[in-house]
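Chain residues, written in single-letter form:
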Number of protein chains: 2
Amino acid sequence: MATGGAQRDALAALIEALRRLPGVGVKSAQRMAYHLLQHDKPAAQALAGALNHAVQSVRHCTRCHTFTESAVCATCADPRRDARLLAVVETPADQAALERSGGFKGLYFVLMGRVSPLDGIGAAEIGAERLLARATDGVVEEVVLATGFTAEGELTAQALAAALKARGLRVTRLARGVPAGSDLEYVDLSTIAYALHDRH
Amino acid sequence: MATGGAQRDALAALIEALRRLPGVGVKSAQRMAYHLLQHDKPAAQALAGALNHAVQSVRHCTRCHTFTESAVCATCADPRRDARLLAVVETPADQAALERSGGFKGLYFVLMGRVSPLDGIGAAEIGAERLLARATDGVVEEVVLATGFTAEGELTAQALAAALKARGLRVTRLARGVPAGSDLEYVDLSTIAYALHDRH
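Cut-offs applied
- Residues numbered from 1 in each chain as written.
- Chains lettered and ligands numbered in written order.
- Predicted model: local features only at pLDDT ≥ 70, side-chain atom pairs only at ≥ 80, totals over all residues.
- Heavy atoms only, no water.
- Helix = DSSP H or I, 4+ residues; strand = E, 2+ residues; numbered from the N terminus.
- Rg over C-alpha atoms; globule rule 2.2 N^0.38 Å.
- Buried < 20%, exposed > 50% of the residue type's maximum accessible area, 1.4 Å probe, protein only.
- Contact = heavy atoms within 4.5 Å.
- Areas by Shrake-Rupley, 256 points an atom, 1.4 Å probe, with all protein chains shown as cover.
- Axes fitted to C-alpha atoms, helices over the stretch in contact; angles between N-to-C directions.
- Left-handed = near helix turned anticlockwise from the far one by under 90°.
- Nonpolar A, V, L, I, M, F, W, Y, C, P; charged D, E, K, R; others polar.
- Salt bridge = Lys/Arg side-chain N within 4 Å of Asp/Glu carboxyl O.
- Least-squares fit on C-alpha atoms with pLDDT ≥ 70 in both.
- Buried area = accessible area lost by both parts, 1.4 Å probe.
- Polar contact = N/O pair within 3.5 Å; in protein donor to acceptor, adjacent residues only side chain to side chain.

Turning our attention to the overall build of chain A. In terms of regular secondary structure, chain A is built from 7 helices and 6 strands. Overall, chain A shows an N-to-C arrangement of helices and strands of α-α-α-β-β-β-α-β-α-β-α-β-α. For chain A, whose C-alpha radius of gyration is 22 Å, the value lies well above the compact-globule estimate of 16 Å for 200 residues. When the backbone C-alpha atoms are referred to their principal axes, chain A occupies close to 70 × 45 × 35 Å. Burial analysis of chain A (200 residues in total) assigns 44% to the buried set. Within chain A, contacts between residues separated by at least 24 positions form 48% of all contacts whose residues are at least 6 apart in sequence. Split by element, the accessible area of chain A, about 10200 Å² in all, is 54% carbon and sulfur.

If you want it as structure tokens, here you go:
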């Protein structure tokens, strides 16, 4: 901007800080900064407060590694969960999706990432050792690999499955198949091929 | 998320605050929050600081209405600018684009918006009165309407042109035509039609 000097600083610094958010380029960052300063200063202040509060208070659950504000998250601390079952998910959002389905009553381990060879992220980087320590607590009997069915999610599941099996754990994977509510004609071919292969 | 209770609060509040950014839905907000807390806490702290600093220190230039940290922005305070020429732009980003072209030596008026009947934004909402007061300072001779060539930018230019002309000011509009560096075959038809009409 050509408005030079001191008055560039606060606005330029805000645009620069917004650009560090994932998926935000310079145009989006400008639009966000202008919007906040012109139309929604309360939102800017609320965001600043929420950022500071989250950075100070959010840490990782010592059992499942998800975000929490206490040493052990509420799910891990819940005695009604079936501690023999451990679902491995990529993110807290994936965990939330499993919870919403109402079909899983066990505990979780949240990887907070996935294997991605192109980015140099292997099993060690997503805490495979931590998962192995958690899964071999003597209570867990079955580990459900609930990583995504993307190429990276599949790689992650494969990388973890061998190590878990070697420790005598039963390892399962979410079933692939036709999504509920789908007309077959709109389902992609590889999904149909998997559904045929795994028919029961 | 099913991690319930107190530990939802900081993360959920952060996701909610990020959703108030323009163009950010719940999935993007989650991804941003996870990224900041997992991989880039310094970016979260930098953003919080930049937000607070900008909210506290950024205000509007009393002459051109752009964002500034002083009463009058550096451009308006620059005695080398030609005060007889006033360009009207929609945003500071548009002003910056004009500046980068190196072709304009006058002063600016930044609307911080544009007429948008569907959103209930008329000439009054984008400060037409303030522009008229600024343009009739006895020094300005020509107002260059440099709003965008979108439907809303054109409407804005039309809405302002009549009032400015009624006050005896010369009102011009940026030329429409074929962009520099373009092959004609890739230029859209209405641009070619305008370029033909305005040939010189």
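This paragraph deals with the packing of helix H5 (residues 128–135) of chain A against helix H6 (residues 151–166) of chain A. Residue and element names in this part refer to chain A. Packing of H5 against H6 brings their axes to within 11 Å, and their N-to-C directions diverge by 35 degrees. Handedness of the H5/H6 crossing: right-handed. Judged by residue contacts, Ala128, Leu131, Leu132 and Ala135 of H5 engage Leu160, Ala163 and Leu164 from H6. For the contact of H5 with H6, a count of residues per class yields 7 nonpolar, no polar and no charged.

This paragraph deals with helix H4 (residues 92–101) of chain A. Along H4(A), the residues classified as buried are A:Pro92, A:Ala93, A:Gln95, A:Ala96, A:Leu98 and A:Glu99. Looking at the packing, one finds that the buried side of H4(A) touches strand S2 (67–68), strand S3 (82–89) and strand S4 (106–110) of chain A together with helix H2 (26–39) of chain B.

So, on to the pattern of salt bridges. Residues and elements named next belong to chain A. Counted under the stated rule, the structure contains 22 salt bridges over all chains. With a closest N to O distance of 2.6 Å, Glu99 and Arg81 form a salt bridge. Here Arg81 lies in the loop between S2 and S3 and Glu99 lies in helix H4, a separation of 18 residues in the sequence. Classification of Arg81 as buried rests on a relative accessible area of 16%. As a salt-bridge pair, Glu142 and Arg170 come within 2.7 Å of each other at their nearest N and O atoms. Taken together, the positions of Glu142 in strand S5 (residues 142–145) and Arg170 in strand S6 (residues 170–173) put the pair 28 residues apart, joining distant regions of the chain. Look at Glu142 and you get buried, because its relative accessible area is 14%. On the accessibility criterion, Arg170 (52% relative accessible area) is exposed. Ionic contacts of the salt-bridge type, sharing partners, join the residues Arg63, Arg134 and Asp137 into one network.

Residues and elements named next belong to chain B. Residue placement: Asp94 occurs in helix H4 (residues 92–101). Of the residues examined, Asp94 reaches a relative accessible area of 29% and is grouped as partly exposed. Taking C-alpha positions, Asp94 is 21 Å from Pro117, a pair spaced 23 residues apart along the chain.

Each copy superposes on the other: chain A lies on chain B with an RMSD of 0.1 Å after a rotation of 180 degrees and an axial shift of 0.0 Å. In symmetry terms, the pair is related by a two-fold rotation axis. It is A:Ala48 whose C-alpha, among those of chain A, lies nearest the rotation axis, at 2.0 Å. Here 100% of the interface residues in chain A have copies in chain B that are interface residues too; the copies meet face to matching face.

Here we take up the interface of chain A and chain B. Of the residues lining the interface, 59 residues belong to chain A; the matching set on chain B comes to 60 residues. Summed over both sides, the interface between chain A and chain B buries roughly 5100 Å², with carbon and sulfur atoms accounting for 70% of that surface. Put simply, chain A and chain B have 2 salt bridges between them. Here A:Asp40 makes a salt bridge to B:Arg20, at a shortest N to O gap of 3.4 Å. Seen at the junction of chain A and chain B, the total is 10 residue pairs in polar contact (both at pLDDT 80 or more). Sorting the residues of the side of chain A that touches chain B by element identifies helix H1 (6–19), helix H2 (26–39), helix H3 (41–57), S2 and H4 of chain A as the ones contributing at least two each. A total of 15 residues in the side of chain A that touches chain B trace back to one element, the largest contributor, which is H3(A). Of the residues that constitute the side of chain A that touches chain B, the class distribution is 34 nonpolar, 17 polar and 8 charged.

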